[in-house]
Amino acid sequence: MAGDSEQRLQEQGQPGGGEPFLIGVSGGTASGKSSVCSRIVQLLGQNEVDHRQKQVVILSQDSFYRVLTSEQKAKALKGQFNFDHPGEWKLTLKNCVGRQQLPTKGAISGSRKEETVTVYPADVVLFEGILAFYCQEVRDLFRMKLFVDTDADTRLSRRVLRDISERGRDLEQILSQYITFVKPAFEEFCLPVTDISLCFFLTVAINLIVQHIQDILNGGLSKRQTNGCLNGYTPPRQRQPSESSSRPH
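Residues numbered from 1 in each chain as written. Predicted model: local features only at pLDDT ≥ 70, side-chain atom pairs only at ≥ 80, totals over all residues. Heavy atoms only, no water.

### Considering the side chain of Ser60
- Residue placement: Ser60 occurs in strand β2 (residues 56-60).
- At 3.0 Å, the side chain of Ser60 forms a polar contact with the side chain of Glu128.
- In this structure Ser60 touches Phe127 and Glu128, once residues within four positions along its chain are discounted. (Helix = DSSP H or I, 4+ residues; strand = E, 2+ residues; numbered from the N terminus. Polar contact = N/O pair within 3.5 Å; in protein donor to acceptor, adjacent residues only side chain to side chain. Contact = heavy atoms within 4.5 Å.)

### Regarding the environment of Phe127
- For Phe127, the position within the fold is in strand β5 (residues 124-128).
- By relative accessible area, Phe127 is classed as buried at 0%.
- In this structure, the C-alpha to C-alpha distance between Phe127 and Cys37, residues 90 residues apart in sequence, is 8.6 Å. (Buried < 20%, exposed > 50% of the residue type's maximum accessible area, 1.4 Å probe, protein only.)

### A word on the packing of helix α6 (residues 152-167) against helix α7 (residues 171-190)
- α7 packs onto α6 with a crossing angle of 135° between their chain directions and a minimal axis gap of 11 Å. By the angle between their axes, α6 is oblique relative to α7. Two packed elements cross with a definite hand, and for α6 against α7 that hand is right-handed. Listed contacts from α7 to Arg155, Leu156, Arg159, Val160, Asp163 and Ile164 of α6 are Leu171, Ile174, Leu175, Gln177, Tyr178, Val182 and Phe186. (Axes fitted to C-alpha atoms, helices over the stretch in contact; angles between N-to-C directions. Parallel < 35°, antiparallel > 145°, perpendicular 65-115°, else oblique. Left-handed = near helix turned anticlockwise from the far one by under 90°.)

### Considering the pairing of strand β1 (residues 21-27)
- In terms of burial, β1 is largely enclosed, as 7 of its 7 residues are buried.
- Residue alternation in β1 divides its side chains into two sets, Phe21, Ile23, Val25 and Gly27 and Leu22, Gly24 and Ser26, and both sets are buried.
- One ladder, built from 5 bridges, connects β1 with β5; its direction is parallel. Residue Ile23 lies in a different strand from β5, and its bridge partner there is Leu126.
- As judged from the 5 bridges shared by β1 and strand β6 (residues 144-148), these two strands associate in the parallel manner. Bridging from a neighbouring strand, Gly27 pairs with Val148 of β6. (Pairing = 2+ DSSP bridges.)

### A look at α6
- An ideal rise of 1.5 Å per residue puts 22 Å on 16 residues; α6 measures up with 21 Å between its terminal C-alpha atoms.
- The elements touched by buried residues of α6 are α7.
- The N-capping residue of α6, defined by a side-chain oxygen 3.1 Å from the backbone nitrogen of Asp153, is Asp151.
- Positive phi appears at Gly168, one or two residues downstream of α6, with a value of about 65°. (Expected span 1.5 Å × (residues − 1).)

### A few points about unusual backbone geometry
- One non-glycine residue, Ala30, lies in positive phi territory at about 55°.
- Along the chain, Ala30 turns up in the loop between β1 and α2 (33-43).

Structure below.
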């Protein structure tokens with residue numbers, strides 16, 4: 001992976017001009033999507049590799065929201081703007097893969113920050129976001145689909161603590177945004193497509209995924225559609241269909 005990064009970018013990021021093995025990671029708000037991706041990268045030892053030589057990289061849907069108007073920014077600061085609707089997702093995964101300079105998004109206002117994140121071509125790309133599986137055009141690009149299925153109460157409590165400490169919001173504002181936008185969007189745009197993904201939150205599942213990626217990096221497996229199976233093993237589903245109506249984003 002070392003050297004000639006710009007040339008390899010033009011060759012779609014892979015030696016010989018191949019495409020990366022794309023893994024989609026979805027789940028509700030504060031379910032642990034980013035943590036799961038970070039853990040996978042850590043177990044693969046990729047967190048200690050120079051960013052220009054990484055074989056496994058993480059892309060976040062949060063980097064690809066539309067730039068807000070002044071009026072929309074004002075609403076976002078008060079928790080009155082719906083970031084969970086598909087219409088606010090400006091770019092699809094096809095626009096993301098192979099890009100070097102990715103925009104970043106302000107945590108509170110949703111506006112773009114001036115700085116960018118440099119992403120070099122890699123063999124495996126983890127793309128995480130609540131709407132990662134919503135668009136079929138994007139969904140079909142993934143060779144593996146992971147859904148981080150975390151208890152609803154746990155997710156809500158995490159979101160409350162995160163928004164208070166990191167975004168300076170008060171409890172009333174957080175719960176209002178949650179009830180008005182987050183929970184309905186989760187049930188309408190996220191849950192209906194989870195049946196095509198793996199549902200997991202156990203350490204053993206992460207270890208299986210890590211082994212699968214390691215096999216790919218070592219050339220032991222072809223970059224084929226996995227259909228939810230890891231080396232012949234399919235992790236058990238943790239969520240029952242009847243839970244969808246009560247599960248918040």
